[in-house]
Amino acid sequence: MKVFKFLLSFLITAALIYLLDHSWIVKGNRLPPLGKFLDPFHGFWQNIEPKSDSSHTEPLNIPGLKEPVTIVFDSLMIPHIFANNDEDLYLAQGYITARHRLWQMEIQTHAAAGRVSEIVGSIALESDRASRRLGMVYGAEKALTGMMKNPTTKMMVEKYTEGVNAYINSLEDKDLPFEYKLLDYKPEPWTTFKCALLLKNMAKTLCMGDKDMEMTNALTLYGKDIVDLLYPDREPVGDPIVDNTNGWKFKPIAFDTVPRAIPNELINVKKIPPSDPTTGSNNWAVSGSKTATGAPILCGDPHLNLSLPSLWYVVQLHAPGTNAMGASLPGSPAIIIGFTDSVAWSVTNAQRDLVDWYAIEFENSKRDKYMLDGKWTATKKVVEQFNVRGAEIFYDTVVYTHWGPVTYDETFQEKNNRKQHAFRWMAHDESEELMTFYKLNRAKNYKDYSEALNHYSTPPQNFVFAAASGDIAMRIQGKFPIRRLYEGKFVLDGSKTSNGWQAYIPNDQNVQYKNPARGFVSSANQYPVDATYPYYVTGVSFEAYRNRRINAVLTASDSITVNDMMKLQNDNFNLKASESLPVFLSLLDTTHLTPEEAEAYKILKSWNYINDKDSPGAAYYEAWWNNLMPLTWDELEKNQVTLSRPTTYNTIRLIKEKPDLSFFDIAGTPEKETARDVIRKAFALGVQDIREWETKEGKDARWGAYKDSYIGHLLRLEPLSVHVLAGGNRDIVNAHSKTHGPSWRMIVSLEKSGAKAWGVYPGGQSGNPGSAHYVDMLDSWVAGKYYPMLFMHKSDAPPTTTSLQLNPESK
């Protein structure tokens, strides 16, 4: 009996040890080894940080440093790095960024490289395949080649990489960031290639959008007149970023104006989801002639997918020749959006089309050769290997052509197409964007800003600028191919190299202006330029509302203050609603409304068009709109080929101007509906959605609660995400939708006595959920409040700060 009990106890103990020492798959989710995860000495408990941790300020010996570096942390845990040379500056930036954001840096570059399945298993395989088939690794390799050719950018990424690895090599199991313990793996060494991947990942977010296949399908199905009606290159709405009508004095580069051959085909692919096309940003600079202090004020708030850890990491970089502060990207050296003692800059996405798809004619099903300039030309086949965790190695063959990779084929999201298509993307080209930010971080005037931008290619951005000297400017900078009319809007014939990009717009002919008479410059992803600009411009879509609201507010005042600019960045006025709701309400038959609909009508009739979080009118309007778009364009949704909806602005314009358009007829009903019928049905459905929500939640609908915005953790785990009650929405200056919004709000007053800056973002400096600095800025961001930025000129630590000394490793 004793032996039996002993054996039973031994077996139970052994089983528990085995169970607790191994990870398990439960309902598709991988659980960590609970023994290690719960271990009080090495597990997640060690990630709980006290508010004041003296161990974070003990001097450290760091390999690779030439001289000591001092890092001062302010109350928000923003590091102010003081180094005696550039090499030590970027090494220290890499070290301290990894200390706070290592897991974020690694998971984002794994995603760009198509390697997430190595960590989480088969659930990520298809997205990994998509990354490889889009040529993300191919583009990063080209980018790294460009970086390494330039001695300065080579130094930057090499020293940054040394710093990251110095931190990784200092880690013990107990020190690993929380997510490594949760996913049961360890960080691998950082490389310069990962810096390139990080930048390509941002390019994917900002300039991989296109609608070539959708436009080709629409042209084939509906003809040119309908395509021009539904998808005009330039919508009839004013306020381009730069209005320099008849002021373009340069001689443009000209090609033949014959449109390229467009394959007559219907393309059926399940396209890789692009970034949200409504994602955008705001920036502007106001001349001192319009401010209360006489100093220029620059404002920027890039709108991106909001995530935890936060997208940006704020830092100050101080060394001989540079003193800059602002938002950096974890995984890349330098400051991307920020200010120096003398200047400030910010960016918004330029929305230009830098993607083309080329129809490929293969010699046979083996795809070893394809037709190019009258010859069968050899393809290059790249066998991609995926080391899927918990599964067999997966191999995927990607065919490369002169144009780029063939993304979709019979093995990946393509259905019985006559031809396959090669993907040409500007971000596949060699480039040196880091040199732009190196120089901006040292800029003192407009000349320095302009020279810095000459190094910038992708993703194209609207760079706003202001200087303490009084200059303000806007330049739309990128490497833009010179396009013939309609080129880039449709799929192109890939059998002729003459159909490719033949030349690029010279930097000095890119859209730009300096010190305009109106006293401000601004951009909000709208159409870039007036109709007299000599080059053809096309893009996926251009914004139509935020820009006009911003310009109206800036035009109306000549005594602008920093507080005014804070209010404008958080402005919730819904210009789209103010232009559309009166028309929508006029089309309702108020004599046949249900009691619930009559109440909704009353609320909407008295609404002030402001999407504040407590507004019931905003909730009803947005519910109405969310039903109106799919009802209007149901024919496109139900078609068996890839098509895209017209823009918000054009949809409203067609409701007003062409209410009998055939697309307003709802598919699947015997009646022939008009815009009035669609408006009425969408209204009833919107009211129904609100009532169902109120029944479920047990309270009246208010916009903030109905929208239910949240900031999701990169692992997409609900317990690690945060829900926020906030106003705003797409097409509003405060463009905070359910998952997207202002990722970094910055305001800089360029005063003669020195730059003064304010900033905030939805999260915190730490990537550790157990840190007090994980989301410590979030409440202020939601409330529209800002933190004054501590911009230091020497390393003497002021009160409320702590210091960390990094010393060269003793030999």
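In case you missed it, the structure is sitting above this.
Because the structure is a prediction, the values reported are computed rather than measured. (Residues numbered from 1 in each chain as written. Predicted model: local features only at pLDDT ≥ 70, side-chain atom pairs only at ≥ 80, totals over all residues. Heavy atoms only, no water.)

**Remarks on the pattern of salt bridges**
- Within this structure, the stated rule accounts for 40 salt bridges.
- Between K194 and E106 there is a salt bridge, with the nearest N and O atoms lying 3.6 Å from each other. With K194 in helix α9 (residues 192-207) and E106 in helix α3 (residues 86-113), this residue pair connects regions lying 88 residues apart in the sequence. The two residues K194 and E106 agree in class, both being buried.
- A salt bridge links K381 to D368; its shortest N-O distance comes to 2.8 Å. Placement of K381 in strand β16 (residues 380-386) and of D368 in the loop between β13 (355-360) and β14 (369-372) is noted, with a sequence separation of 13 residues between them.
- With relative accessibility at 38%, the residue K381 sits in the partly exposed group.
- Taken together, the shared-partner salt bridges in this structure form one network comprising E126, R129, R133, R367, D396 and D409. (Salt bridge = Lys/Arg side-chain N within 4 Å of Asp/Glu carboxyl O. Helix = DSSP H or I, 4+ residues; strand = E, 2+ residues; numbered from the N terminus. Buried < 20%, exposed > 50% of the residue type's maximum accessible area, 1.4 Å probe, protein only.)

**Remarks on unusual backbone geometry**
- A cis geometry characterises the amide bond from L308 onward to P309, with omega recorded as -5°.
- In this model, T458 is joined to P459 through a cis peptide bond whose omega is -10°.
- Along the polypeptide, P459 turns up in the loop between α13 (446-453) and β19 (461-467).

**Describing the side chain of Q569**
- Along the polypeptide, Q569 turns up in helix α15 (residues 562-569).
- In this structure Q569 touches W284, C299, G300, D301, V733, N734, R745, M746, I747 and Y786, once residues within four positions along its chain are discounted. (Contact = heavy atoms within 4.5 Å.)

**Topic: the sheet that holds strand β4 (residues 69-73)**
- Taken in spatial order, the 11 strands make up an open sheet running β3-β30-β4-β5-β9-β10-β11-β12-β19-β20-β22, and their pairing is mixed. Single-partner strands in this sheet number two, and they are β3 (60-62) and β22 (512-514). Geometrically, the sheet is characterised by an average inter-axis angle of 20° between neighbouring strands, direction not taken into account. (Pairing = 2+ DSSP bridges. Axes fitted to C-alpha atoms, helices over the stretch in contact; angles between N-to-C directions.)

**Overview of the packing of helix α18 (residues 616-632) against helix α20 (residues 648-657)**
- Two elements in contact, α18 and α20, have axes separated by 12 Å at closest approach and are oriented at 75°. Of the possible angle classes, the one that applies to α18 and α20 is roughly perpendicular. Contacts between α18 and α20 involve W625, L628, M629 and T632 from the former and T648, T651, I652 and I655 from the latter.
- For the contact of α18 with α20, the residue count by class is 5 nonpolar, 3 polar and no charged. (Parallel < 35°, antiparallel > 145°, perpendicular 65-115°, else oblique. Nonpolar A, V, L, I, M, F, W, Y, C, P; charged D, E, K, R; others polar.)

**Here we look at the environment of C299**
- Residue placement: C299 occurs in strand β7 (residues 297-305).
- The spatial distance from the C-alpha of C299 to the C-alpha of W284 is 5.4 Å, given a sequence separation of 15 residues.
- Residues contacting C299, with those up to four places away along its chain left out, are N282, N283, W284, M565, Q569, M746 and I747.

**Observations regarding the nonpolar core**
- Counting residues in each nonpolar core, the largest one holds 183 residues, and the members touching the most others are F339 and M565.
- For this core, the element with the highest residue contribution is α3, accounting for 13 residues.
- When near neighbours in sequence (up to four residues on either side) are disregarded, M565 contacts W284, V286, I297, C299, L554, I560 and I747.
- Membership of the second largest hydrophobic core comes to 55 residues, among which are V227, L588, W625 and L631. (Core = buried A, V, L, I, M, F, W, Y, C linked by side-chain atoms within 4.5 Å.)

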